[in-house]
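One letter stands for each residue in the lines below.
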Amino acid sequence: MGSPAWCWALRAARFPVGGGRAGRALRSGPSGGFAACAAPFADSASSSSRDEALRDKRARILSRGLPKQKPIAGVKQVVVLASGKGGVGKSTTAENLMRPLKNYGITCMSMGFLIEETAPVVWRGLMVMSAVEKLLRQVDWGQLDYLVIDMPPGTGDVQLSVSQNIPIAGAVIISTPQDVALLDARKGAEMFRKVHVPVLGLVQNMSVFQCPKCKHETHIFGADGVRDLAKTLGLDILGDIPLHVNIRETCDSGQPVVISQPQSDAAKAYLKIAMEIVRRLPSPPV
Amino acid sequence: MKPSRLGKQLSALLFSAGWLGPFVFQVALLDIDICGPSIPKMMGLEGEQVHQSGSGWSPVYVEENLGVMSVGFLLSSPDDAVIWRGPKKNGLIKQFLRDVDWGEIDYLIVDTPPGTSDEHLSIVQYLSAAHIDGAVIITTPQEISLQDVRKEINFCHKVKLPIIGVVENMSGFICPKCKNESQIFPPTTGGAEKMCQNLNVSLLGKVPLDPQIGKSCDKGQSFLSEAPESPATSSYRNIIQRIQEYCDQRHFQEDSTIYEWNKNEVHV
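Structural notes, computed from the coordinates. (Residues numbered from 1 in each chain as written. Chains lettered and ligands numbered in written order. Predicted model: local features only at pLDDT ≥ 70, side-chain atom pairs only at ≥ 80, totals over all residues. Heavy atoms only, no water.)

1. Structural notes on the interface of chain B and chain A
Okay, so step 1: Contacts between the two partners involve 57 residues from chain B and, on the opposite side, 52 residues from chain A.
Okay, so step 2: Summed over both sides, the interface of chain B with chain A buries roughly 4,600 Å², with 59% coming from carbon and sulfur.
Okay, so step 3: Where chain B meets chain A, there are 3 salt bridges.
Okay, so step 4: Here Asp 118 of chain B makes a salt bridge to Arg 124 of chain A, at a shortest N to O gap of 3.4 Å.
Okay, so step 5: Across the contact surface, chain B and chain A share 14 residue pairs in polar contact (both at pLDDT 80 or more).
Okay, so step 6: When residues of the side of chain B that touches chain A are traced back to their parent elements, those giving at least two are helix H2 (39-42), helix H3 (86-99), helix H4 (118-126), helix H5 (143-158) and helix H7 (211-219) of chain B.
Okay, so step 7: Per element, the largest residue contribution to the side of chain B that touches chain A is 8 residues, and it comes from H5 of chain B.
Okay, so step 8: Across the side of chain B that touches chain A, the residue classes tally to 24 nonpolar, 18 polar and 15 charged. (Contact = heavy atoms within 4.5 Å. Buried area = accessible area lost by both parts, 1.4 Å probe. Salt bridge = Lys/Arg side-chain N within 4 Å of Asp/Glu carboxyl O. Polar contact = N/O pair within 3.5 Å; in protein donor to acceptor, adjacent residues only side chain to side chain. Helix = DSSP H or I, 4+ residues; strand = E, 2+ residues; numbered from the N terminus. Nonpolar A, V, L, I, M, F, W, Y, C, P; charged D, E, K, R; others polar.)

2. Notes on the nonpolar core
Okay, so step 1: Within the largest apolar cluster, 60 residues are counted, with the highest numbers of intra-cluster contacts made by Met 69, Phe 96, Ile 153 and Val 166 of chain B.
Okay, so step 2: Setting aside its immediate chain neighbours within four residues, Val 166 of chain B contacts Ile 137, Thr 139, Ile 153, Ala 192, Met 195, Cys 196, Val 201, Ser 202, Leu 203, Leu 204 and Gly 205 of chain B. (Core = buried A, V, L, I, M, F, W, Y, C linked by side-chain atoms within 4.5 Å. Buried < 20%, exposed > 50% of the residue type's maximum accessible area, 1.4 Å probe, protein only.)

3. With respect to H4 of chain B
Okay, so step 1: Counting buried positions over the 9 residues of H4 of chain B gives 7, a clear majority of the element.
Okay, so step 2: Those residues of H4 of chain B not exposed but buried are Asp 118, Glu 119, His 120, Leu 121, Ser 122, Ile 123 and Val 124 of chain B.

4. Points about the packing of H5 of chain B against helix H6 (residues 191-199) of chain B
Residue and element names in this part refer to chain B.
Okay, so step 1: At their nearest, the axes of H5 and H6 sit 11 Å apart, and the two run at 30° to each other. As far as their axial angle goes, H6 and H5 are roughly parallel. For the crossing formed where H5 meets H6, the hand is right-handed. Each of Leu 146, Val 149, Arg 150 and Ile 153 in H5 lies in contact with H6, whose residues at this interface are Gly 191, Ala 192, Met 195 and Leu 199.
Okay, so step 2: Partitioning the contact of H5 with H6 into residue classes produces 6 nonpolar, 1 polar and 1 charged. (Axes fitted to C-alpha atoms, helices over the stretch in contact; angles between N-to-C directions. Parallel < 35°, antiparallel > 145°, perpendicular 65-115°, else oblique. Left-handed = near helix turned anticlockwise from the far one by under 90°.)

5. Observations regarding the environment of Val 180 of chain A
Okay, so step 1: Counting through the fold element by element, Val 180 of chain A comes out in helix H8 (residues 179-194).
Okay, so step 2: It is 40 Å that separates the C-alpha atoms of Val 180 of chain A and Ser 49 of chain A, two residues lying 131 residues apart in sequence.
Okay, so step 3: Setting aside chain neighbours within four positions, we find Val 180 of chain A in contact with Lys 85 of chain A together with Ser 38, Lys 41, Met 42 and Asp 218 of chain B.

6. What about the sheet that holds strand S11 (residues 203-206) of chain B?
Where strands meet in a sheet, backbone hydrogen bonds hold them as pairs that are either parallel or antiparallel.
Residue and element names in this part refer to chain B.
Okay, so step 1: On the basis of which strands lie adjacent, the open sheet formed by 3 strands has the order S7-S8-S11 and parallel pairing. Of all the strands in the sheet, the pair left with one neighbour each is strand S7 (135-139) and S11. Pairs of neighbouring strands in the sheet enclose a mean axial angle of 20°, with direction left out of account.
Okay, so step 2: Pairing analysis gives 3 bridges linking strand S8 (residues 163-168) to S11, with the strands arranged parallel. For Val 167, the partnering residue across the bridge sits in S11 and is Gly 205.
Okay, so step 3: Strands in contact with H5 are S7 and S8; relative to S7, the strand with the most contacts, it is inclined by about 170°.
Okay, so step 4: Those strands touched by H6 are S7, S8 and S11, and its axis lies near 155° from that of S8. (Pairing = 2+ DSSP bridges.)

7. Some remarks on the sheet that holds strand S6 (residues 107-111) of chain B
Residue and element names in this part refer to chain B.
Okay, so step 1: Read across the open sheet, the 4 strands follow the order S4-S5-S1-S6; overall the sheet is mixed. On the outer flanks of this sheet lie strand S4 (60-63) and S6, each paired with one strand and no other. Looking at each pair of strands side by side, their axes are set apart by 25° on average, direction ignored.
Okay, so step 2: Across 5 bridges, strand S1 (residues 27-31) lies against S6 in parallel orientation. Of the residues in S6, the one forming a bridge with Ala 28 is Leu 108.

Structure representation (structure tokens):
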């Protein structure tokens with residue numbers, strides 16, 4: 001007769017008193033008590049909430065070692081442009097988006113201003129993290145409504161440092177329609193999900209090329225791949241930018257197409273994307 | 001090596017594939033783009049796993065004489081993101097070099113991610129004792145890409161890595177309808193040719209844009225086999241030949257140097 005009492009003591013130690021099917025079975029009598037002992041861990045509702053509590057506790061302990069997010073003084077909202085893959089047009093898009101998003105003129109900061117043009121920056125991750133920290137915090141940004149950050153390709157040190165150190169209002173992922181670029185865009189989206197940065201949407205770049213002579217359209221890097229990925233991930237397409245010689249030429253000459261040719265189709269495409277981004281951003285903090 | 005998505009991985013892949021004939025070389029392709037490993041997809045090897053034996057990790061073989069290793073083979077799903085900081089990436093690169101049983105190979109081609117960071121430093125340091133024959137730098141004709149390539153060239157000089165040459169990718173597009181050539185990435189500052197002249201580096205070749213290249217990549221097929229008549233194919237084959245000639249020349253010089261050294265030893 002000691003066994004049901006032993007089971008009860010074990011059960012009470014594991015679960016709140018009076019809770020669960022097993023608890024009720026125990027209170028019904030010795031046979032019920034034995035039944036409870038036969039299935040002491042059968043209460044799945046309590047065990048899943050317990051697992052969740054344990055997971056939360058583990059996450060809280062792990063996060064003690066991580067940097068704390070601190071907003072940049074004077075900056076209301078931060079938008080990052082990422083891609084996963086390199087060479088898809090992040091920097092070009094960043095440059096052309098900054099114009100429509102501007103309110104008080106453009107301030108721009110880059111490692112490129114601090115070193116010679118041909119000097120390589122051959123740094124390991126820790127130094128890169130420190131440089132990113134300085135570029136974010138030790139620059140007098142003034143009062144900004146939007147800070148647009150042009151990220152390098154990949155899902156490594158820079159992306160982690162930026163996501164962990166400052167609150168990001170939203171991320172925009174740029175990709176070409178090719179499968180190999182989309183693979184990495186998907187990884188980029190996954191990364192932002194893991195670090196709790198909302199992804200505002202995808203931009204399809206280099207979607208189609210129109211021959212200047214015969215106007216024949218060729219999808220050099222594939223067609224609609226980004227649209228398909230957006231559907232799979234449940235994200236919106238913010239815009240579609242064609243391959244246009246003008247965009248490349250004006251970039252190289254330091255006159256982004258939205259300034260030098262604001263009436264062109266390319267400029268209008270960028271303007272539309274900027275408006276979509278602003279529409280999707282949460283209300284800025286007061 | 002090098003800047004952004006300018007066709008590095010494809011080039012690495014095609015160089016490996018192109019080496020297979022007519023002479024049968026043993027070629028290995030090592031993909032150290034840890035965050036963006038596209039080689040498995042481009043070679044139709046998605047879903048393949050790495051096997052471990054007593055002699056180490058076994059690379060995944062595309063052909064009998066072409067073995068591939070990539071972090072892509074170690075992921076449970078091709079969509080898994082690898083969000084690692086530098087030290088962890090370096091650890092994996094070391095493992096790739098130390099634990100993979102490459103067997104006897106004639107050429108090891110290493111595909112690096114964009115930039116000049118942990119992965120590049122590590123691979124140069126770890127392979128320094130093995131004497132890297134040289135680096136091939138891929139670029140597009142536009143100035144924004146060339147800016148990064150100049151930094152890459154300086155990086156190679158800094159770490160004493162010989163430069164085999166530069167490949168200009170996406171160099172012109174021929175309209176399939178009217179055959180008009182357009183410069184989609186215009187060489188506003190003279191393209192790779194001018195840059196190579198200024199920096200005294202070889203231009204190995206120019207590869208035009210061909211939509212079939214992207215399609216083959218996405219399907220995991222060899223572009224060289226799918227489109228043997230394309231101008232891009234002949235460009236690639238010429239570039240491969242020039243790289244082979246460079247490597248042969250280098251080995252001949254090294255052998256001569258050893259022989260001279262040995263001769264001196266005998267006299268002394």
